Amino acid sequence: MAMSASLARRELDVQRYPLIVVVLVPLAAIFLQVLIPRFIPKFDIIDLPLLVTIYFSVGWRNPIAGTITGAVIGLVQDALTSRPLGINGISQCVVGFFAASLGVKIDVENPGTRLLINFAFTLLNIGIYLFIMHRMLAFNVRTNWLHEVIKAVINSIVGVFFFDILDRVRPRD
Amino acid sequence: MSRYKNILFLVAVLLVQVIGLAVQVRRPNPNGGDGKTVRLIRYWAISLMSPPEKVVHGTGTGVRGMWSNYLDLRHVRQQNQELRERVSRLQLEQAGLLEDARQGQRLQALLGFKEHYIYNTVPAQVIGTSGTDQSRILTIDKGSKDGLKPDMAVITPDGIVGKVRDVFGHTSQVLVISDQTSGAGVLLESTRLRGVLRGNALGQPQIINMLPDERVKPGERVVTSGGDQIFPRGLPVGVVDQMVPDTSNPPYMDIVIKPAANLGHLEELLVITEASDRMPPTAQQDMAQSAAEGAAVSKQRASDILAERLPGLSDPNALADPGPGQKPATPATPAVLPPLHPPPALHPDHYTPDATPPANSLTPGQAVVDPKYAAAPKPHVSETAPAKSTAESKTTASKPAQDSDAEAPKADTGAPVKPKHPATSATTTGQEAVPGATHPPVVKPKVPKVTVPAPEPSDGSNTAPGIAPAASPGDGSQPH
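Residues numbered from 1 in each chain as written. Chains lettered and ligands numbered in written order. Predicted model: local features only at pLDDT ≥ 70, side-chain atom pairs only at ≥ 80, totals over all residues. Heavy atoms only, no water.

Draft legend 1. Geometry of the overall build of chain A. In terms of regular secondary structure, chain A is built from seven helices and zero strands. Reading the helices (α) and strands (β) of chain A from amino to carboxyl end gives α-α-α-α-α-α-α. Here chain A holds 173 residues, and the buried ones make up 55% of them. For chain A, restricting intrachain contacts to residue pairs at least 6 apart in sequence, the fraction spanning at least 24 positions comes to 71%. (Helix = DSSP H or I, 4+ residues; strand = E, 2+ residues; numbered from the N terminus. Buried < 20%, exposed > 50% of the residue type's maximum accessible area, 1.4 Å probe, protein only. Contact = heavy atoms within 4.5 Å.)

Draft legend 2. Expanded view of the overall build of chain B. Of the regular secondary structure elements, chain B holds seven helices and twelve strands. Restricting the contact set of chain B to residue pairs at least 6 apart, pairs at least 24 apart contribute 60%. Working note: accessible area of chain B is about 30,000 Å², and carbon and sulfur atoms make up 59% of it. (Areas by Shrake-Rupley, 256 points an atom, 1.4 Å probe, with all protein chains shown as cover.)

Draft legend 3. Just the side chain of T69 of chain A, in detail. All names here are of chain A. Among the structural elements, T69 can be located in helix α4 (residues 63-79). We classify T69 as buried; its relative accessible area is 14%. Polar contacts involving the side chain of T69 include one to the main-chain carbonyl oxygen of A65, which spans 2.7 Å. (Polar contact = N/O pair within 3.5 Å; in protein donor to acceptor, adjacent residues only side chain to side chain.)

Draft legend 4. How the structure looks around the pairing of strand β7 (residues 194-199) of chain B. Residue and element names in this part refer to chain B. Side chains G195, L197 and G199 project from β7 onto a buried face, and the interleaved R194, V196 and R198 project onto a face without burial. Two strands pair when backbone bridges link them, and strand β6 (residues 184-188) and β7 are joined in this way by four bridges, in the antiparallel orientation. Paired with A184 across the bridge in β7 is L197. Here β6 folds back onto β7, and the loop between the two strands holds five residues, one of which, R192, carries a positive phi near 60°. Bridge analysis of β7 against strand β8 (residues 205-210) gives four bridges, and the strand direction is antiparallel. Its bridge partner being in β8, V196 is matched across the sheet by I208. Counted between consecutive antiparallel strands, the loop separating β7 from β8 contains five residues, among which G203 sits at a positive phi close to 80°. (Pairing = 2+ DSSP bridges.)

Draft legend 5. View of the nonpolar core. Counting 39 residues, the largest nonpolar core has L48, V52, I54, F56, L80 and F162 of chain A as its most contacted members. Looking at this core, the elements with two or more residues in it are α2 (19-39), α3 (48-60), α4, α5 (87-105), α6 (111-136) and α7 (145-167) of chain A together with α2 (36-111) of chain B. Take this core: its biggest share by element is nine residues, from α3 of chain A. In contact with L48 of chain A, not counting residues within four places along its chain, are A29, L32, Q33, F43 and F162 of chain A. Grouped together as the second largest cluster of nonpolar side chains are 38 residues, A124, M152, V216 and L269 of chain B included. (Core = buried A, V, L, I, M, F, W, Y, C linked by side-chain atoms within 4.5 Å.)

Draft legend 6. Inspection of the sheet that holds strand β10 (residues 236-245) of chain B at higher detail. All names here are of chain B. Taken together, the six strands give a closed barrel; going around it, the order is β6-β7-β8-β11-β10-β9, and neighbouring strands pair in antiparallel fashion. Sheet twist, expressed as the average angle between the axes of neighbouring strands with direction ignored, equals 45°. Across three bridges, the pairing between β8 and strand β11 (residues 253-259) is antiparallel. Considered in β11, the bridge of M210 is made with M253. (Axes fitted to C-alpha atoms, helices over the stretch in contact; angles between N-to-C directions.)

Draft legend 7. Layout of the sheet that holds strand β12 (residues 268-276) of chain B. All names here are of chain B. Strand order in the closed barrel formed by six strands is β1-β2-β5-β4-β3-β12, and the pairing between neighbours is antiparallel. For this sheet the average axis-to-axis angle between neighbouring strands, irrespective of direction, equals 45°. Strand direction decides the pairing type here: strand β1 (residues 117-129) and β12, joined by eight bridges, are antiparallel. Among the inter-strand pairings, P123 is bridged to a residue of β12, identified as L270.

Draft legend 8. Inspection of the confidence of the model for chain B at higher detail. Residue and element names in this part refer to chain B. Chain-level pLDDT for chain B is 70 on average; 59% of the residues reach the 70-or-more range. In the model, residues 329-337 has pLDDT below 50 throughout and makes eight contacts with residues more than four positions away in sequence or in other chains. Counting contacts from residues 378-480, a segment whose pLDDT is below 50, to residues more than four positions away or on other chains yields 84 contacts. In the predicted complex, the global pTM is 0.62; the interface-specific ipTM is 0.86. (pLDDT = per-residue confidence, 0-100.)

Draft legend 9. Quick look at the side chain of Q206 of chain B. For Q206 of chain B, the position within the fold is in strand β8. Side-chain polar atoms of Q206 of chain B contact the side chain of N200 of chain B, separated by 3.5 Å. When near neighbours in sequence (up to four residues on either side) are disregarded, Q206 of chain B contacts R142 of chain A together with V196, L197, R198, N200, D254, I255, V256 and I257 of chain B.

See below:
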């Protein structure tokens, strides 16, 4: 009885989005991500596609959906760079999986929580990305950790406002 | 099993991607770039992003064009005048450099060096970026249909930008020099140090693995070396910003470069589609035109300069030359400058102007002896140093003895002998060097007055009227 009540609450909390939103929002995020740095070069420190992955994964609370979302968005990002395909795909599918798993257990509507999970998942994404680059592919790239931490802080702050905007495209019950 | 469904799914997705990564790294395309499958996925992604990017770019360009056209029309006449003046100035500068360039080409031809000139370029517009600071990639609106191929150099008039990486039908990806996987051969212009340029973690281009060198200073220009076979030699890259130690590879240093091209705000680029060892016809035409115009202007300038100076030479109001040693009169007009004369000699001798008698008063075959030296005859001191001042003794002590022996007959005969190093001799004798004044060489007065019969010159080459031939053995010097 108690288990069925918990499942019912979980089902109620799961966010459902129209298909067009699910397709267009990631595309729009990727599009803005490749377009805005043309005019504002420093904008590339923000990772809008990663924030979209976190947002949908946390909202769906389904690890498989989060994994697929992260993998697809990451692969599209990889395709637009000069790096091998799969680096962002791997890191973002891991982020999507854990974001969805975390969304089941904590309240993700709170701005403070959103700030923390955005910071943590941005750092996780950077860590996995650099691990793949250095350890798996043995690419001779250098890392400025201070830059990466600043990047995580900025992403977490931007993520709070970005999630608030994305909440508006969510259908009301 | 259903309990582990999620984690199994994650592992499966990760495994597929890891295998995909391994295949890409293990089997790179032998022709460079990506494999067929990877290229296809990139093509889909680019095709997905390019149309809206082109729409946004076109809309922005149109709106900006309308506004800027209006603004440009307001100032077009002034800008046109400025540009004409600039073109004229550049043509003159080019004419000045023309001869150096030709000489350089001749020397390169002698060395068998093949210079690569930019023969053909394709202008392109930047329509997008990679969107991440981990990969510095630009998307441009020109592709294989426009003649682009991988590894073509991409530049702006300010400096190099990068190279073409992947080429699609109507778009291409450009790898910028600030990317960590890029590479370009560069040369420090003044120190001539060569190195490899690539990006760092902060997106700044830097020359890696350089040994510490004190000669490298911030502000030194960096140009392409041409060794990478992508960028033609001599294109500007940027200037040295700072030198930082390579923490992972001591004692090497990295030289951070401030790029000449504004890599953050790139809009229009030039893709070098053809480089040749001959100069493009347009450039040859420009150089010929510059040379002609430069010659005309130089001729005109020379005549202008002469026209300005000639009236001064024949100015009827100019004062008469007062001659050396005389105080010039006050000029009638301040614009006319009095002619200059050297100051009077402190120690006049027979080299001093007006000290030598005119040629028509001389008797052929008879030596002219300065009465100053003829006044103190010391015929028996020729074997040793004569009585001189202390300073002169010090000077002659350091000189070989044969010098004084060799110069003695010339002084005796009165031949115009020029001291070998007047300034040096003046300094060593403790006298102040006076411009225009010469000092007598250190001589050994032998005979106060010598009359030598005039010889008949056998070949007429070594002697002149009034000058005696060499009177002592070992004197091989000739009058100058």
